[in-house]
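Chain by chain, the residues run as shown.
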Amino acid sequence: MRTRKLIAGNWKMNGGLIANVALLKAIHAGLHNPSCDIAVCVPSAFLAQCQTLLASSPIELGAQDLSQHEAGAYTGEISAQMLKEFGVRYVIVGHSERRQYHAESDASVASKVQRALANGITPIVCVGESLAERESGQTDEVVKRQLAAVIHLNGHCISEIVLAYEPIWAIGTGKTASPEQAQAVHAVLRGQLKAASDHAERVRILYGGSMNAANAATLLAQPDIDGGLIGGASLKPQDFLAIIDSAA
Ligand code: 13P
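Residues numbered from 1 in each chain as written. Predicted model: local features only at pLDDT ≥ 70, side-chain atom pairs only at ≥ 80, totals over all residues. Heavy atoms only, no water.

Peer 1: Looking at this structure, I do not really get helix α8 (residues 179–196). What am I missing?
Peer 2: Taking 1.5 Å as the rise per residue, α8 with 18 residues should run 26 Å; its terminal C-alpha atoms sit 26 Å apart, in good agreement. Residues of α8 that are buried: Pro 179, Ala 182, Gln 183, Val 185, His 186, Leu 189, Arg 190, Gln 192 and Leu 193. (Helix = DSSP H or I, 4+ residues; strand = E, 2+ residues; numbered from the N terminus. Expected span 1.5 Å × (residues − 1). Buried < 20%, exposed > 50% of the residue type's maximum accessible area, 1.4 Å probe, protein only.)

Here it is as structure tokens:
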């Protein structure tokens, strides 16, 4: 069974050496025996700094992407092995911004998941539909296709992943999926995981997309919503802390 919820911040391309210190200091100051797991997924340029800032912290370190290749002539890429050296526990894979702006395919996302798992890093695998896909009734088909590629390559250890449902129309827009809309998709994903693994109940399925201090509690109360992947609100200490409290 899922034991603890996971609240993961995705800083995206934000932060700076000075701002990171202030942000993590403020979060630590408000953190009292959290009863959920917490992570921050930081830009790779700040992994070394954040590894130091998070030493002996309950907050775990995450990255936002990794290479599908092991090593070699891939200019600009960062390998799973490198992430491991910086104490990275989680890595976001297949975020819609990477699928959209960097043409990441379902197949390359599946390879990245494989690479992360082989190196003992938990991938946070993102799936989600666009507004046009939702409006034309294709939501289930789209997220199932995205997850199927990951299962196809990683079926034997699929229960080791974290899954994140992030409807693209809800990301950074202030429009959140209703708890019922989110739960419905999470249930579809849970069913697909169950068909692939006897341990599917153990997989945490996060919701992401304009989750904030005001809407977190009702989203997190849904039976198949096991945490959140938080963008904008993870850069505001009081908001991030309030979401962490909602996960208790
Ligand atoms: P927002 O919380 O800013 O909508 O971003 C969600 C997201 O993309 C997290 O990965």
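Peer 1: Just checking my understanding: could you explain the site of the ligand for this structure?
Peer 2: Contacts to the ligand come from Asn 10, Lys 12, His 95, Glu 166, Ala 170, Ile 171, Gly 172, Gly 209, Ser 210, Leu 229, Gly 231 and Gly 232. Between an oxygen atom of the ligand and a side-chain N or O atom of Asn 10, the distance comes to 3.0 Å. Bound to the protein, the ligand loses 94% of the 310 Å² it would expose on its own. Residues that form the shell around the ligand fall into these classes: 3 nonpolar, 7 polar and 2 charged. (Near = heavy atom within 4 Å. Polar contact = N/O pair within 3.5 Å; in protein donor to acceptor, adjacent residues only side chain to side chain. Areas by Shrake-Rupley, 256 points an atom, 1.4 Å probe, with all protein chains shown as cover. Nonpolar A, V, L, I, M, F, W, Y, C, P; charged D, E, K, R; others polar.)

Peer 1: Is there a simple way to think about the sheet that holds strand β8 (residues 227–230) in this case?
Peer 2: Backbone hydrogen bonds hold the strands of a sheet together, and the pairing may be parallel or antiparallel. With respect to topology, 8 strands assemble into a closed barrel ordered β1-β2-β3-β4-β5-β6-β7-β8, the strand pairing being parallel. Going from strand to strand, the sheet's axes swing by 25 degrees on average, the running direction of each strand aside. Note: strand β4 (residues 90–93) against strand β5 (residues 122–127), 4 bridges, orientation parallel. Considered in β5, the bridge of Ile 92 is made with Ile 124. Here helix α5 (residues 106–118) sits on the sheet in contact with β4 and β5, set at roughly 160 degrees to β5. (Pairing = 2+ DSSP bridges. Axes fitted to C-alpha atoms, helices over the stretch in contact; angles between N-to-C directions. Contact = heavy atoms within 4.5 Å.)

Peer 1: Sorry, what's going on with the nonpolar core here?
Peer 2: Soluble, globular proteins show a tendency: their nonpolar side chains are buried together. Ranked by size, the top nonpolar core spans 62 residues in total, and within it Ile 7, Leu 163, Leu 189 and Tyr 207 carry the most contacts. Among residues more than four places away in sequence, those in contact with Leu 189 are Val 127, Val 143, Leu 147, Leu 163, Tyr 165 and Ile 205. In this structure, Cys 126, Val 162, Leu 206 and Leu 229 belong to the second largest nonpolar core, which totals 12 residues. (Core = buried A, V, L, I, M, F, W, Y, C linked by side-chain atoms within 4.5 Å.)

Peer 1: Looking at this structure, I do not really get the pattern of salt bridges. What am I missing?
Peer 2: Applying the stated criterion to the full structure yields 16 salt bridges. A salt bridge links Arg 98 to Glu 104; its shortest N-O distance comes to 2.8 Å. Residue classification places Arg 98 among the partly exposed residues on the basis of a relative accessible area of 23%. Given a relative accessible area of 9%, Glu 104 falls into the buried group. (Salt bridge = Lys/Arg side-chain N within 4 Å of Asp/Glu carboxyl O.)

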